[in-house]
Amino acid sequence: MKYSISVSKAKRTSRMLTVTGLSAAVLCMIAPFSVPLPFSPVPLSLTNLVIFVSVYSLGMKIGTLSVLIYLSLGAAGLPVFSSFSGGLGKLAGPTGGYLVGFIFLALIQGCMLKYFAGKRSAAVAGMLLGMAVCYSFGTAWLSWQLDQSFFASLSIGVLPYLPGDAVKIAAAAAVGPKLRQAIRRAQNYS
């Protein structure tokens, strides 16, 4: 009896580690592809979309761990950040606040999903609130880096990206629940 419990727990742990690694790998593969904008040091990317979908489909723990792994690999120098860059210099550069803000995005979205399970409106609210916190960190850091006002940084680091973020949130809200159900069904069959 004790053996079957430990095997089951080991299987769950192994599954969680595998899914976390896969989620981090997807983030590391998608995030480097970005479009630089001539008026801003902040490029267009799909990084937040990957985080939205990851957290929505896998939950707060795995989604946040995936972001932490992604940031750790990037800080170690692997070219997983925008434009295939990496290293501590990228984290200390103008977009570093947004990168760190991704942790809070995952945590906030995950909390909303956890405590308001099954409510799509709460999931969307979690993504919106998480992005607001992420943008606050990023804008404050960008403002300090560029030695300009918070509002000037907001106009080049946030406002141009809001329409795209609305589309990403809508896409994650549409795909996330279906992916979550598919993952749960797959876990029940294995």
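Enquirer: Residue-level account of the overall build of the protein chain, with values.
Expert: Regarding its fold elements, the protein chain presents eight helices and two strands. The C-alpha extent of the protein chain, read off along each of the three principal axes, is 65 × 35 × 25 Å. Among the 190 residues that make up the protein chain, the fraction classed as buried is 39%. Considering only contacts in the protein chain between residues 6 or more positions apart, those separated by 24 or more positions represent 68%. For the protein chain, the computed accessible surface area is about 10100 Å², with 72% contributed by carbon and sulfur atoms.

Enquirer: Please set out a nonpolar patch on the surface residue by residue, giving values where relevant.
Expert: On the surface, Leu65, Leu68, Ile69, Leu73 and Leu78 cluster together into a nonpolar patch covering about 350 Å² of accessible area. Among the secondary structure elements, Leu78 is positioned in the loop between α3 (60-75) and α4 (88-92). Relative accessible area serves as the criterion here: at 41%, Leu78 is assigned to the partly exposed category.

Enquirer: Quick one: what's the story with the packing of helix α2 (residues 47-58) against helix α6 (residues 120-146), residue by residue and with numbers?
Expert: Between α2 and α6, the shortest axis-to-axis distance is 12 Å and the interhelical angle comes to 140 degrees. The angle between the axes of α2 and α6 places the two elements in the oblique class. Our pair here, α2 against α6, has a crossing hand that is right-handed. Side by side, α2 and α6 meet where Asn48, Phe52 and Tyr56 of the first sit next to Arg120, Ala123, Met127 and Met131 of the second.

Enquirer: So what about the confidence of the model for the protein chain? Which residues, and what values?
Expert: Per-residue pLDDT for the protein chain has a mean of 92; in total, 95% of the residues score no lower than 70. Per-residue pLDDT, averaged within each element of the protein chain, yields its smallest value for helix α1 (residues 2-30) (81) and its largest for α3 (97).

Enquirer: I'd like to hear about α3, residue by residue, with values.
Expert: Taking 1.5 Å as the rise per residue, α3 with 16 residues should run 22 Å; its terminal C-alpha atoms sit 22 Å apart, in good agreement. Looking at α3, one finds that the buried residues are Ile62, Gly63, Thr64, Ser66, Val67, Tyr70, Leu71 and Gly74. At the exit of α3 stands Gly77, carrying a positive phi of roughly 110 degrees.

Enquirer: How would you summarise the environment of Leu68 if you had to cite specific residues and measurements?
Expert: Looking at where Leu68 falls in the secondary structure, it is placed in helix α3. Look at Leu68 and you get partly exposed, because its relative accessible area is 36%. In the structure, Leu68 is positioned 32 residues away from Val100 in sequence and 9.1 Å away in space, judged by C-alpha atoms.

Enquirer: Talk me through the packing of aromatic side chains; I want residue IDs and the actual numbers.
Expert: Under the criterion given, the structure shown has six aromatic pairs. On the basis of an interplanar angle of 85 degrees and a centroid distance of 6.1 Å, the ring pair of Tyr98 and Tyr135 is categorised as edge-to-face. Of the two residues, Tyr98 is situated in helix α5 (residues 96-115) and Tyr135 in helix α6; the sequence distance between them amounts to 37 residues. Here Tyr98 falls in the buried class, since its relative accessible area comes to 7%.

About the criteria used
Residues numbered from 1 in each chain as written. Predicted model: local features only at pLDDT ≥ 70, side-chain atom pairs only at ≥ 80, totals over all residues. Heavy atoms only, no water. Helix = DSSP H or I, 4+ residues; strand = E, 2+ residues; numbered from the N terminus. Buried < 20%, exposed > 50% of the residue type's maximum accessible area, 1.4 Å probe, protein only. Contact = heavy atoms within 4.5 Å. Areas by Shrake-Rupley, 256 points an atom, 1.4 Å probe, with all protein chains shown as cover. Patch = residues over 30% accessible without salt bridge, like charges linked within 9 Å, V, L, I, M, F, W, Y side chains within 5 Å. Salt bridge = Lys/Arg side-chain N within 4 Å of Asp/Glu carboxyl O. Axes fitted to C-alpha atoms, helices over the stretch in contact; angles between N-to-C directions. Parallel < 35°, antiparallel > 145°, perpendicular 65-115°, else oblique. Left-handed = near helix turned anticlockwise from the far one by under 90°. pLDDT = per-residue confidence, 0-100. Expected span 1.5 Å × (residues − 1). Phe/Tyr/Trp six-rings, centres within 6.5 Å; stacked < 30°, edge-to-face > 60°.

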